[in-house]
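Here's the letter readout for the chains.
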Amino acid sequence: MQKSLVFTEVAGDTECHGSPVEIVTVPSGAYVTIDNGRYHGSAPIKFGNVCHGKHTLEITHDNYEFVSEKLIVPVSGRIEKTLKRATKKITVKTSLGNSQIEINGVNKGKEPVTFSAPLGIEQSITAVNKEAEKVTRNRAFSKDSDSEYVINMEKLPGQIDFTAFKVRNPGVDI
């Protein structure tokens, strides 16, 4: 199924000789500015008359990396930008400690585990500890998320923690 693009005509500078400039982003809906807001709108968009010469193009979209680059008009008239998903470093820990961490079904080893979480995409994070029930949490991270994610785990009933005993009695086998 082919989508048809809808463009908004935006008046440009009437005092210069320029060219129309069309900007399309993937995904669509990114906010586009040229020259600090002199021309602006949401992509896909067509600016009617952009003066010939050098301009600064900026593109922002939630959960995607910011784009800032130089634009020289006249150009082909159509600029297409595929935006790159932004990521954030997240460190995963549990309330028990010494747990195995899986992210999207892939074992990442013992905690703490640090990974680059793609923003806005749900991640499946599983913590496994022999002293507790396996816990899986689904979470999408944003640029405002804390960089540390702690999974609360409760010990199984009847489990005795011999950690302190072993520290005080290093030669005793349990």
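Here's a quick rundown of the structure. (Residues numbered from 1 in each chain as written. Predicted model: local features only at pLDDT ≥ 70, side-chain atom pairs only at ≥ 80, totals over all residues. Heavy atoms only, no water.)

## What about the packing of aromatic side chains?
Argument step 1. Per the stated rule, a full pass over the model turns up three aromatic pairs.
Argument step 2. In textbook terms, an aromatic cluster arises when at least three aromatic residues are bridged by ring pairs, as seen for Phe115, Phe141 and Tyr149. (Phe/Tyr/Trp six-rings, centres within 6.5 Å; stacked < 30°, edge-to-face > 60°.)

## Regarding the pairing of strand β10 (residues 100-103)
Both faces of the sheet carry side chains from a regular strand, because those side chains alternate between them.
Argument step 1. Here β10 shows one buried face, formed by Ile101 and Ile103, and one open face, formed by Gln100 and Glu102.
Argument step 2. Pairing of β10 with strand β11 (residues 106-110), which is carried by four bridges, proceeds in the antiparallel orientation. Its bridge partner being in β11, Glu102 is matched across the sheet by Asn107.
Argument step 3. The antiparallel hairpin formed by β10 and β11 contains two residues in its connecting segment, where Asn104 sits at a positive phi of about 55 degrees.
Argument step 4. Sheet topology places β10 next to strand β13 (residues 122-128); four bridges connect them, and they run antiparallel. Across the sheet, the residue bridging to Glu102 is Thr126, located in β13. (Buried < 20%, exposed > 50% of the residue type's maximum accessible area, 1.4 Å probe, protein only. Helix = DSSP H or I, 4+ residues; strand = E, 2+ residues; numbered from the N terminus. Pairing = 2+ DSSP bridges.)

## A few points about the sheet that holds β13
Argument step 1. Read across the sheet, four strands follow the order β11-β10-β13-β14 without closing on themselves; strand pairing throughout is antiparallel. Edge positions in the sheet fall to β11 and β14 (135-140), since each of these pairs with one other strand and no more. Each neighbouring strand pair of the sheet contributes to a mean axis angle of 25 degrees, computed without reference to strand direction.
Argument step 2. Examined bridge by bridge, β13 and β14 share six bridges and lie antiparallel to one another. Residue pairing across strands places Ser124 opposite Asn138, the latter belonging to β14. (Axes fitted to C-alpha atoms, helices over the stretch in contact; angles between N-to-C directions.)

## Brief notes about the sheet that holds strand β12 (residues 113-118)
Argument step 1. Strand order in the open sheet made by the three strands is β12-β9-β15, with mixed pairing throughout. Both edges of this open sheet fall to β12 and β15 (148-151), since each of them pairs with a single strand only. Across the sheet, the mean angle separating the axes of adjacent strands is 35 degrees when strand polarity is ignored.
Argument step 2. The sheet contact formed by strand β9 (residues 87-94) and β12 spans six bridges and is antiparallel. When the bridges of β12 are listed, Thr91 appears paired with Thr114.

## Overview of the pattern of salt bridges
Pairing is possible between side chains of opposite charge, provided their charged atoms come close.
Argument step 1. What the rule picks out here adds up to five salt bridges.
Argument step 2. A salt bridge links Lys81 to Glu69, with the shortest nitrogen-to-oxygen separation between them at 2.6 Å. Pair noted here: Lys81 is in strand β8 (residues 78-82) and Glu69 is in strand β7 (residues 67-73), with a separation of twelve residues, a long-range link.
Argument step 3. With a closest N to O distance of 3.4 Å, Glu131 and Lys155 form a salt bridge. (Salt bridge = Lys/Arg side-chain N within 4 Å of Asp/Glu carboxyl O.)

## Some points on the environment of Lys89
Argument step 1. You can see Lys89 is positioned in strand β9.
Argument step 2. Setting aside its immediate chain neighbours within four residues, Lys89 contacts Thr114, Phe115, Ser116 and Ser147.
Argument step 3. At a separation of 3.0 Å, a polar atom in the side chain of Lys89 contacts the side chain of Ser116. (Contact = heavy atoms within 4.5 Å. Polar contact = N/O pair within 3.5 Å; in protein donor to acceptor, adjacent residues only side chain to side chain.)

In short, the description is geometric, and any link to function would need to be established separately.
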